[in-house]
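Residue-level listing of the chains:
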Amino acid sequence: MSTAPDGISGSELLARQMRDEGVEDLFYIMGGPIIEVAGFAADYGIRTIDCRHEQGASFAAHGYARVKRQPGVCLAASGPATTNLLTGMANAYLDCVPMIALGGSASLRAHDTDAFQEYDQLAMARPVTRWAGRVNHTDRLPEYFNMARRKAITGKPGPTYLDLPGEVLYGRVEQESVWFPKGGTPAPRPYPDEGQIEKAIELLSKAERPVVIAGSGVFWSAAGDQLREFVEATQIPFFTTPQARGIVPEDHDLAYLGARGQAFREADVIVVVGTRFNFIISFGHAPRFAPDVKVIHIDVDASELGHNRPVDVPIVADARVALAKLTAAAKDAGIGTSDNWRAQLAELDDRKREQSRMSAESGQTPIHPLRVAEEIVNFVDRDAIISVDGMETLNFGRQWIPSFVEGARLNSGPNGCMGVGIPFAMGAQVAAPGRQVVAFVGDGSFLMNIQEFDTMVRHDLPVIAVVSNNGGWTGGENTTPGRSLGFDQQYHKVVEALGGYGELVTDPNDLHNALERAAESGKPSCINVHVEEHARATTVAFGGYSTMMSRSDA
């Protein structure tokens, strides 16, 4: 980290700015022209996690950001290494997760000569990022990284991309000529219009069946306490999107997870905070919601207000300050919610829970997937991080495993991206050393990034993966083309061969002890559980199409 007589390299400039921006961890795979960036990053005290696939690195950065509440950073060599980051960028883009992807690229002076790995990586990144830029001058590397971070966290969060040509990283400049922007500054918080707060209170004062729907914007603005204060002050039942689970503990008196459908259909006023009217909440349309429901929508991004459906009270603001203002005004106005409305939802929630309990506590073999979920619930600490991946597994996890801590629930998100479970868990373990991290994954999705168990072994990341192995890509019958995978694969032995702990479970009574043995091993672990092949979850499907196929004999 000393300045040579001929100046300081671009790679060191970038690493120094990353340190100054507060970057603590970096996910990457070595290669040109970025290899010295990783070396200097380590010299500057940044932990470097060398992965086994760039997709795994980008997913790990995503999972890291969701737990750490700061941008995850991933770094790839040029050409196919950077294109391997694209799925991770796209996933973070749809999930509104701040991530900074850094890609090495072919030399600027070689453009349009058919040079090695020469194609327009910047053009590929632009459609799936909040912002993408190319650094053309070595002395501007710190400025561009600062820009990438600010654009990732300001307003609606999301991924950014920096294209790093070889000669820009290898170039050397006099340190005195470089501008190092002040790093690590927080994003500004837009404040709500007071008149819109008054209109919201006027609507709520007339509401008989109000509901709060909170999304990941509440998490990114660190507004969990403010959300809790608002619902407790008004006694309004609350629900969250999958990305926001645990913002308020789901054993709270005002959480009625099993009554979501009825609550949405019968609500006369909904307060939507920090989430979009996308497919996850059926775009806010009937029949999911009443045709005449009144909507108060709080979002930091003004373009989301009125998108897909009309909004009665649009409030452009950061969730934290908006909720604080709304709570104070609600207390002054004496806003409350009827006992009868809450009692209806509580009764339905209890009934739905009991309907699923029989499967969750079943001793049947093959094991029911809900029994696997129940054993995870009984095993983990209250602040454990759960990463869920797959199709039926994702649904069973959503149906049965509660969340009590914000930033502790990771899932496929709006992109429905399979293969995220293991690298998400890996990134989470880097972000939260010492906490339990469990990946509940299907057998199809598990194999997509199984190579990252080697990464976790080398970097001492004791994630426990529980594979809900139903011998196929989905539940249901084997009439769907390509559905069946069989049960012959020894996934747990693959993990053992990579240096982890593995165990096969076919008896439900062995599940708890298998989890205990995995934890005691202190190694990245795989519990391969053979489950009922055709079990289907009862949660509402998010996708607008079916993966199942029915055939006529005609």
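Now for a description of the structure that goes with this document.

**Description of the sheet that holds strand 5 (residues 99-105)**
So, step 1. Read from one edge to the other, the open sheet built from 6 strands follows the order 3-2-4-5-7-6, with strand pairing classed as parallel. Unpaired on one side and paired on the other, strand 3 (47-50) and strand 6 (131-134) mark the two borders of the sheet. Strand-to-strand twist of the sheet, defined as the mean angle between neighbouring strand axes without regard to direction, takes the value 20 degrees.
So, step 2. Here strand 4 (residues 72-76) pairs with strand 5 via 5 bridges, running parallel. Looking across to strand 5, one finds that V73 is bridged to I100.
So, step 3. Packed onto the sheet, helix 3 (residues 54-68) meets strand 2 (25-28), strand 4 and strand 5 and runs at close to 170 degrees relative to strand 4.

**Remarks on the packing of helix 3 against helix 17 (residues 421-431)**
So, step 1. In contact at an axis separation of 7 Å, helix 3 and helix 17 are set at 50 degrees when each is read in the N-to-C sense. Here helix 3 lies oblique to helix 17, going by the angle between them. Read as a crossing pair, helix 3 and helix 17 show a hand that is right-handed. Of the residues in helix 17, those in contact with G56, F59, A60, H62, G63, Y64, V67 and K68 of helix 3 are P423, F424, M426, G427, A428, V430 and A431.
So, step 2. Here the contact of helix 3 with helix 17 is composed, by residue class, of 10 nonpolar, 4 polar and 1 charged.

**With respect to the side chain of R66**
So, step 1. Considering the arrangement of structural elements, one finds R66 in helix 3.
So, step 2. What R66 contacts, discounting residues up to four positions off in sequence, is D95, V97, F219, W220, Q243, G407, R409, L410 and N411.

**Digging into helix 14 (residues 339-360)**
So, step 1. Given a rise of 1.5 Å per residue, 22 residues ought to cover 32 Å, and the 30 Å separating the end C-alpha atoms of helix 14 matches this to within 8%.
So, step 2. Within helix 14 the residues assigned to the buried category are W341, R342, L345, L348, D349, S356 and A360.

**Focus on the pattern of salt bridges**
So, step 1. One pass over the full model with this rule turns up 31 salt bridges.
So, step 2. Here E392 ties to R536 by a salt bridge, and the two come within 2.5 Å at their closest N and O atoms. A residue pair is termed long-range when its members are at least 10 positions apart, and E392 in helix 16 (residues 392-400) and R536 in the segment after strand 19 (525-530) qualify at 144 residues.
So, step 3. Judged by relative accessible area, R536 falls into the partly exposed class, the value being 38%.
So, step 4. For E503, the salt bridge is made with R517, and the minimal N-O distance between the two is 2.5 Å. With E503 in strand 18 (residues 501-505) and R517 in helix 21 (residues 511-521), this residue pair connects regions lying 14 residues apart in the sequence.
So, step 5. Owing to a relative accessible area of 13%, E503 belongs among the buried residues under this scheme.
So, step 6. Note on R517: relative accessible area 35%, which makes it partly exposed.
So, step 7. Ionic contacts of the salt-bridge type, sharing partners, join the residues D50, R52, D454 and R458 into one network.

Reading the values: rules and limits
Residues numbered from 1 in each chain as written. Predicted model: local features only at pLDDT ≥ 70, side-chain atom pairs only at ≥ 80, totals over all residues. Heavy atoms only, no water. Pairing = 2+ DSSP bridges. Helix = DSSP H or I, 4+ residues; strand = E, 2+ residues; numbered from the N terminus. Axes fitted to C-alpha atoms, helices over the stretch in contact; angles between N-to-C directions. Contact = heavy atoms within 4.5 Å. Parallel < 35°, antiparallel > 145°, perpendicular 65-115°, else oblique. Left-handed = near helix turned anticlockwise from the far one by under 90°. Nonpolar A, V, L, I, M, F, W, Y, C, P; charged D, E, K, R; others polar. Expected span 1.5 Å × (residues − 1). Buried < 20%, exposed > 50% of the residue type's maximum accessible area, 1.4 Å probe, protein only. Salt bridge = Lys/Arg side-chain N within 4 Å of Asp/Glu carboxyl O.

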